[in-house]
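# A structural walkthrough
Next come the chains, spelled out residue by residue.
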Amino acid sequence: IVPKNFSQFLEKNEYPLWVALNHHRTHTNKVMTLRNHYYLKEVLTDKSRYRVLMKSTQGGVSECLIIISWSAAKNGAVIFYVLPTHQLMERFVSNRYEKSMMYSQYYKEQRTAGRSKDLVRNAIDNRSLKDIGKGVINFVGSGSEVPFTEIPADWFIVDEADKCERKTLEMGKERLGHSDDPHEI
């Protein structure tokens, strides 16, 4: 692969890594870098359907989960993104997710890509439900069973699983039951 084609290769074959290196902005409006966090390349390029990540604080994994969930949703997947509590989910979406979206021109441009003009006008954007491209991200707290019974999904992403309610996490895995390409992180 010659260098001028490398970006095209990444976009086609390693989309989350390409997004991270070219378009993602952190919630503090900084460019995503793998410097001192080279292990994040593995998180962004792993295509396994079932992944378990042990992480520390300030390690960049939650940032990668934002990129992975956005990338999958943009391409038509339904993402079920779980955090320990409803309050933490609201803070995470407001302080991390939405700020990253606000700071990235690419995210803004691609948010409604692939939708008809009527659907663009009716795009959902509230604290827990985000229309992205052809897909959607459902952010939920693990403390209530309600969202775990109504939403089918292709991806089940749990951030801080050790602090989540076990019963609802088991219910969440059932959301993948009708997906043709289920993924769990």
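Here the residue numbers are simple positions, counted from 1 along each chain's written sequence. Only residues with pLDDT of at least 70 are given local features in this predicted model, and only at 80 or more are side-chain atom pairs given and counted; all residues enter the totals for whole chains, interfaces and linings. Side-chain calculation: all heavy atoms of the structure are included, whereas hydrogens and water are not.

### Concerning the sheet that holds strand E4 (residues 155-158)
Paired strands, in this sense, are two strands between which DSSP finds at least two bridges. Secondary structure elements follow DSSP: runs of H or I of four or more residues count as helices, runs of E of two or more count as strands, with numbering from the N terminus. A sheet is described by the order of its strands in space; here 5 strands give the open sequence E2-E3-E1-E4-E5, paired in mixed fashion. The open sheet terminates on both sides in strands that have one partner only, identified here as strand E2 (129-132) and strand E5 (183-184). Note that strand E1 (residues 78-83) and E4 share 4 bridges and pair parallel. Pairing of valine 82 across the sheet is with valine 158, part of E4. This element, helix H4 (residues 61-74), spans E1, E2, strand E3 (135-141) and E4 of the sheet and lies at about 155° to E1. The contact rule is simple, with two residues in contact once any of their heavy atoms fall within 4.5 Å. Comment: axis = line fitted to C-alpha atoms, over the contacting stretch for helices; angle = value between 0 and 180 degrees taken between N-to-C directions.

### Let's talk about the packing of H4 against helix H5 (residues 86-103)
Closest axis-to-axis distance for the H4/H5 pair is 11 Å, and the angle between their directions is 60°. Judged on the interaxial angle alone, H5 and H4 are oblique. Between H4 and H5 lies a crossing whose hand is right-handed. Contacts from Ser62, Glu63, Ile66 and Trp70 of H4 reach H5 at Phe92, Arg96, Tyr97, Ser100 and Met101. Residue classes in the contact of H4 with H5 are distributed as 5 nonpolar, 2 polar and 2 charged. Note that the term roughly parallel is reserved for angles under 35 degrees, roughly antiparallel for angles over 145, roughly perpendicular for angles of 65 to 115, and oblique for everything else. The crossing is said to be left-handed when, going from far helix to near helix, the turn is anticlockwise and less than a right angle, and right-handed when the turn is clockwise. Residues are grouped as follows: Ala, Val, Leu, Ile, Met, Phe, Trp, Tyr, Cys and Pro are nonpolar; Asp, Glu, Lys and Arg are charged; every other residue, Gly included, is polar.

### Brief notes about the pairing of E1
For E1, the tally of buried residues reaches 5 of 6 residues, placing the bulk of the element in the interior. Alignment of E1 against E3, held across 6 bridges, turns out to be parallel. Bridging across to E3, leucine 83 finds its partner in glycine 141. Buried, partly exposed and exposed residues are distinguished by accessible area as a fraction of the type maximum, computed with a 1.4 Å probe on protein chains only: under 20%, between the cut-offs, and over 50%, respectively.

### Notes on the layout of surface pockets
For each structure, a 1 Å grid was placed over the protein atoms alone; sets of points admitting a 1.4 Å probe that cannot get out are labelled cavities, open sets with protein on both sides within 12 Å along at least five of seven lines are labelled pockets, and lining residues have an atom within 4 Å of a point. Grid points are joined across faces, edges and corners, and a volume is the space filled by probe spheres set on the points. Taken as a whole, the largest pocket holds about 1200 Å³ of empty space. Elements that contribute at least two residues to the lining of the largest pocket include exactly H4, H5, E4 and helix H9 (166-174). Sorting elements by how many residues they give to the lining of the largest pocket places H5 first, with 5 residues. A per-class count over the lining of the largest pocket returns 17 nonpolar, 12 polar and 15 charged. In this structure, the second largest pocket encloses a volume near 330 Å³. For the second largest pocket, the lining is made up of 21 residues, of which Pro16, Lys47, Arg51, Trp155 and His183 are closest to its centre. Looking at the lining of the second largest pocket, the elements that each hand over two or more residues are helix H1 (3-13), helix H2 (15-22), helix H3 (40-45) and H4. A per-class count over the lining of the second largest pocket returns 8 nonpolar, 6 polar and 7 charged.

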